[in-house]
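For reference, the chains in residue letters:
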Amino acid sequence: QLNVVQKQTQYNQQLLDKLNKPHQFWETQPIPNINDMDSLKPGPIQEGVLEDVRKDPYNLISKFEWCNIDLRNDEQAQQVYALLKENYVEDDDNMFRFDYSIDFLRWALLPPGQYPDWIVGVKVNQKLVGFITGIPVTLNIENQQTKIKMTEINFLCVHKKIRANRLAPVLIKEITRRVHIKNMWQAVYTAGIVVPTPISQTRYYHRSLNAKKLIEVGFSSLSARQTISRQQKLYKLPEETKTQGLRSMKKKDVAQVTKLLNEYLKKFKLYFKYTEDEVKHWFIPRKDVISTYVVEKEQGIITDFLSFYNLPSQVIKNPKYTHLKAAYSYYNVATQTPIVQLMYDALILAKNEGYDVFNCLDIMENEKFLKELMFCPGDGQLNYYLYNWKLESNMLKPEEIGIVLV
Ligand SMILES: CNCCCN(C)c1ncc(F)c(N2CC(C(=O)NCc3cnc4ccccn34)C2)n1
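Let me sum up the structure you'll find in this document. (Residues numbered from 1 in each chain as written. Predicted model: local features only at pLDDT ≥ 70, side-chain atom pairs only at ≥ 80, totals over all residues. Heavy atoms only, no water.)

### Side note on the overall build of the chain
Now for step 1: Along its length, the chain carries nine helices and 17 strands.
Now for step 2: Here the chain has a C-alpha radius of gyration of 22 Å; the compact-globule value for 406 residues is 22 Å, and the two agree.
Now for step 3: For the C-alpha atoms alone, the extent of the chain along its principal axes is close to 65 × 55 × 45 Å.
Now for step 4: Here the chain, with 406 residues, has 53% of them falling under the buried criterion.
Now for step 5: For the chain, the exposed area adds up to about 20,300 Å²; of that, 52% sits on carbon and sulfur atoms.
Now for step 6: Measuring between centres, the 53 positive side-chain charges of the chain sit 4 Å from its 46 negative side-chain charges. (Helix = DSSP H or I, 4+ residues; strand = E, 2+ residues; numbered from the N terminus. Rg over C-alpha atoms; globule rule 2.2 N^0.38 Å. Buried < 20%, exposed > 50% of the residue type's maximum accessible area, 1.4 Å probe, protein only. Areas by Shrake-Rupley, 256 points an atom, 1.4 Å probe, with all protein chains shown as cover. Lys, Arg positive; Asp, Glu negative; His and termini not counted. Charge placed at Lys NZ, Arg CZ, Asp CG, Glu CD.)

Below, the structure is given as structure tokens:
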């Protein structure tokens, strides 16, 4: 009885701390707060000094220990899968939770140049209870001459049962240390929540592919005048794609796709530079992970390509369905084919691959097709963040963002 009271008191105190000092952790980080906006000059906020980087891992509360996860090892990959499946991002009404597959996690976290100590776990008695990851990227910021070698942070997750232990800040500090020790001083990350200080706030849009199921799982709702059959007719798609020469991407396309992508991304203020090796990793189709289709014209010239990734959500409580099959728009480059037509074909391909919904953000040139292809704005916002970098402009518009994080 006593320790229940003690736990409740401790929890109440933590709530009070949060109310009094929200973002206690974030204020200690080199990320501009609102009044830095016009005082900081563009570029790194703190100069990194390699000698000053702590050589040993941050301390953990007793019984917790650090471990590097080898995702190539089936057992360890299974542990990561199970932690995320039960404890990763949910929607605000706790109806859905992401269900990233093992094949997807190997795609997302084992790109060329990956560092083994950037897949970070925390274990208690051999059980994985905390996770955070980094992958190496080369970022172009606001068309600076210099490209910056930095990290893309993702998959921060703490087991539901041990939240409010302040483990998340320690996970962030530890992976920051492991990035600093490699003489890298910036990071890019996204989150559905707002913490200091987004560089861009983007919105999710959804295009219904299986109207009936979306209503049955509670993803979509019917207004007074709508009926399921009218929704099905409204969103119906042809079986066949329209674009001449559209086909699945193959290894032989890597060189052309790399040129197309790197050239196309120069339109934006924030984008990665891709090597051919990286294009091979990120775009060669993988079953149930990534789908990429190229448009091949005469003499084998590739003029456009489209891509989308597979991120199912577990439907937490539903008598009929366990999963929502969602395709997420990845990178789409339209240089000859009208982007509306290219994305219309993406919808047809996704429908034929069995997806229930096609999601995209209002970044890059996406707002050129959202209305015409009947995408609806979602309640999800995705905020983009840069660690240790002051932009020239305080915020970037969504259409200036050329990065998709999975
Ligand atoms: C780097 N990592 C960011 C990507 C993680 N991604 C995909 C994400 N981050 C925050 C969101 F707001 C979000 N949304 C997709 C939209 C959506 O479909 N909302 C209903 C829904 C269905 N399933 C889920 C699962 C979790 C949250 C909302 N869900 C909103 N997506």
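Picking up where we left off.
### A short note on the pairing of strand S3 (residues 119–124)
Now for step 1: Across the six residues that make up S3, a large majority, six, are buried.
Now for step 2: In S3, alternate side chains face the same way, and those of Ile-119, Gly-121 and Lys-123 on one face and Val-120, Val-122 and Val-124 on the other are all buried.
Now for step 3: Strand direction decides the pairing type here: strand S1 (residues 64–68) and S3, joined by five bridges, are antiparallel. Looking at the pairing, Trp-66 lines up with Val-122 of S3.
Now for step 4: The pairing of S3 with strand S4 (residues 127–141) spans six bridges and is classified as antiparallel. Note on S4: the bridge partner recorded for Val-124 is Lys-127.
Now for step 5: Counting the residues that bridge the hairpin from S3 to S4 gives two residues, and of these Asn-125 lies at a positive phi of roughly 45°. (Pairing = 2+ DSSP bridges.)

### Describing the pattern of salt bridges
Now for step 1: Scanning all chains against the criterion turns up 20 salt bridges.
Now for step 2: Salt-bridge contacts for Lys-182 lead to Asp-117; the nearest nitrogen and oxygen are separated by 3.1 Å. Taken together, the residues span a long stretch of sequence, with Lys-182 in the loop between helix H4 (167–180) and strand S6 (187–191) and Asp-117 in the loop between helix H3 (102–109) and S3 at a distance of 65 residues.
Now for step 3: Residue Lys-182 is classed as partly exposed on the basis of its relative accessible area of 25%.
Now for step 4: For Glu-263, the salt bridge is made with Lys-266, and the minimal N-O distance between the two is 3.1 Å.
Now for step 5: Among the ionic contacts, a cluster of salt bridges with common partners joins Glu-86, Glu-90, Arg-97 and Lys-160. (Salt bridge = Lys/Arg side-chain N within 4 Å of Asp/Glu carboxyl O.)

### Considerations on the nonpolar core
Now for step 1: Grouped together as the largest cluster of nonpolar side chains are 80 residues, with contacts concentrated most on Phe-155, Tyr-309, Tyr-330, Tyr-331 and Ile-403.
Now for step 2: Excluding residues within four positions of it along the chain, Tyr-330 makes contact with Trp-107, Trp-282, Phe-283, Ile-290, Ser-307, Phe-308, Tyr-309, Met-364, Val-404 and Val-406.
Now for step 3: Counting residues in each nonpolar core, the second largest holds 28 residues, with Leu-60, Val-195, Tyr-385 and Tyr-387 among its members. (Core = buried A, V, L, I, M, F, W, Y, C linked by side-chain atoms within 4.5 Å. Contact = heavy atoms within 4.5 Å.)

### Some details on the packing of aromatic side chains
Now for step 1: Under the defined criterion, the tally for this structure stands at 31 aromatic pairs.
Now for step 2: Note on Phe-283 and Phe-305: the rings are 5.6 Å apart at their centroids and 75° apart in plane angle, and the pair reads as edge-to-face. Linking Phe-283 in helix H8 (residues 276–283) with Phe-305 in strand S11 (residues 302–310), this pair joins segments that are 22 residues apart in sequence. There is no split in this pair, since Phe-283 and Phe-305 are both buried.
Now for step 3: With a centroid separation of 5.3 Å and 10° between ring planes, the pair formed by Tyr-309 and Tyr-328 is classed as stacked. Here Tyr-309, found in strand S11, pairs with Tyr-328, found in strand S14 (residues 326–329); they are 19 residues apart in sequence, far enough to count as distant.
Now for step 4: Taking the relative accessible area as the measure of exposure, Tyr-328 reaches 9% and is therefore buried.
Now for step 5: Just above the ring of Tyr-58 sits the side chain of Arg-54; from NZ or CZ to the centre is 4.6 Å.
Now for step 6: Lying across the ring of Tyr-115, Lys-182 places its NZ or CZ 4.9 Å from the centre. (Phe/Tyr/Trp six-rings, centres within 6.5 Å; stacked < 30°, edge-to-face > 60°. Lys NZ or Arg CZ within 6 Å of the ring centre and 35° of its normal.)

Just geometry here; none of it tells us what the structure is for.
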